[in-house]
Amino acid sequence: MNTKSNTTQYKNGRLFMENVDLAAVAEKVGTPAYVYSAGQLEANFNAYRHALSSVMSEKDFTLCYACKANSNLAVLSLLKNLGAGADIVSGGELARAIAAGVKPGKIVYSGVGKSEEELTEAIRRNIFQINVESEPELELISKIAVKLKKQVTVSIRVNPNVDAKTHAKITTGKKENKFGIDIKKAPALYARAKKLKNIHAAGVAVHIGSQLTSLAPFRRAYVRVAELVKTLRRQGHDISRVDLGGGLGITYKDETPPDLYLYALMIRDVITPLGVHIVLEPGRSIVGDAGVLLSRVVNIKHGDAKKFLILDAAMNDLMRPSLYDAYHAVLPHREKGKKAVYDVVGPVCETGDTFLTNETLTELKAGDLVAIMTAGAYGAVMSSNYNTRPLAAEVMVKGKSFELVRKPQTVQDLVKNDRIPAWLK
Ligand SMILES: *Cc1c(COP(=O)(O)O)cnc(C)c1O
């Protein structure tokens, strides 16, 4: 995904998303606020479609958008209209996908700890596939399927023991990670599945991690998956699907993620010869660069050695810098002016509440507007109420108009569910 095509850019010295001046959004809904570009979401989704369509027929793959990256109903609904299915990791995300109108026949359910209630709901809805992570889960699915008189198609998520070379907290495909079944032990599980009632293990699933900026680990994992498919077929299993997991990494600072067409060519080389239906579950690369977190400067604090730019957005709104040491560029709404060097921080009482250190920006003063960039993925969905801070508004821009797609919380929303026990009164 190249940032040059990004729909958030300066126009006449002011920061715009598509044809909307971001100052108008801040004025209308307040700050902090997440803002998403419909045009960028569409471009990102279509980039996957076109790249895959260049090497295979449209009916041979399903793009199941990974809802956990951003599950706002407006985002899901926009992607659904473009033909996306959904990759979900909880009953909550199943409800969101259904509410957004995603067809159950295009929903894939991943995750290492699905509860009996969650599985029951997914099976009742006849979703496309459940990605199984363990033998007890396989048995539980069979039990529920028998009870509901349903046939359930599953894929078994294997752990190929490949180092994704990404941040440790988002690496999932090494043998010490909690995800998937050791690929060497997978044949035994397919054999077990064959003996269980109302279950058909039709696929192999793999997901080795997120924010991968090189194709090599993907290829290594897919080669192992292809070998497994051949082994399973020799053992008499009817394998008709392969789920290749999440999408490519994106550019936050200076990363150069692989070209989508090269990715598609690699899939054609390694997977297409198997003659299987391919599922991809991109999340970050669909929404990441389509979103910004708008924030105003609360004030500027001159420390002994540093100038702190204190924003009204904080780690509770965007957790990635404190959780993953992630870099998110900050763009002042006003492009030009004298420069100054800042540490950009939030108001939360944690030293980890720091967005950037020693960053050169256009000089800012209290009340000025900035955009924290590339915040569309794993941003709003990971936000919390820490420090009793209400969740921010979410807005979607389309062309020259914009609309609130999630009302901001109020402090009252946060306090109203607490109870003081009678003995304290
Ligand atoms: C998180 C996740 C994804 C999405 O990964 P991205 O890097 O955001 O594309 C896809 N599949 C599974 C199983 C996941 O856990």
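Anyway, here's the lowdown on the structure attached to this text. (Residues numbered from 1 in each chain as written. Predicted model: local features only at pLDDT ≥ 70, side-chain atom pairs only at ≥ 80, totals over all residues. Heavy atoms only, no water.)

## Let's talk about the sheet that holds strand β3 (residues 20-21)
Okay, step 1: Across the sheet, which stays open at both edges, the 3 strands sit in the order β1-β2-β3 with antiparallel pairing between neighbours. The sheet is open, and its two edges are formed by β1 (8-11) and β3, each paired on a single side.
Okay, step 2: Direction of pairing for strand β2 (residues 14-17) relative to β3: antiparallel, over a ladder of 2 bridges. Looking across to β3, one finds that F16 is bridged to D21. (Pairing = 2+ DSSP bridges. Helix = DSSP H or I, 4+ residues; strand = E, 2+ residues; numbered from the N terminus.)

## Some remarks on the site of the ligand
Okay, step 1: Residues in contact with the ligand amount to 14 residues; listed here are only the nearest, K68, S210, E281, R284 and Y378.
Okay, step 2: Measuring from an oxygen atom of the ligand, one finds a side-chain N or O atom of S210 at 2.4 Å.
Okay, step 3: Between the ligand and G283 there is a distance of 2.8 Å, counted from an oxygen atom to a backbone nitrogen or oxygen.
Okay, step 4: In the complex, the protein chains occlude 94% of the 390 Å² of accessible area that the ligand would expose alone. (Near = heavy atom within 4 Å. Polar contact = N/O pair within 3.5 Å; in protein donor to acceptor, adjacent residues only side chain to side chain. Areas by Shrake-Rupley, 256 points an atom, 1.4 Å probe, with all protein chains shown as cover.)

## Comments concerning the packing of aromatic side chains
Okay, step 1: Following the criterion strictly, the structure yields 4 aromatic pairs and no others.
Okay, step 2: Seen from their ring centres, F218 and Y222 are 5.9 Å apart, and the 50° between their planes marks the pair as tilted. With a gap of 4 residues between them, F218 and Y222 both fall in helix α8 (residues 216-234), about one helical turn apart. For the pair F218 and Y222, one class covers both residues: buried.
Okay, step 3: Judged by centre distance (5.4 Å) and plane angle (55°), the ring pair of F218 and Y263 falls under tilted. Placement of the pair is F218 in helix α8 and Y263 in helix α9 (residues 260-270), with a sequence separation of 45 residues.
Okay, step 4: Among the aromatic residues, ring-to-ring pairing joins F218, Y222 and Y263 into one connected group.
Okay, step 5: The residue whose ring lies beneath K253 is Y327, and the NZ or CZ to ring-centre distance is 4.7 Å. (Phe/Tyr/Trp six-rings, centres within 6.5 Å; stacked < 30°, edge-to-face > 60°. Buried < 20%, exposed > 50% of the residue type's maximum accessible area, 1.4 Å probe, protein only. Lys NZ or Arg CZ within 6 Å of the ring centre and 35° of its normal.)

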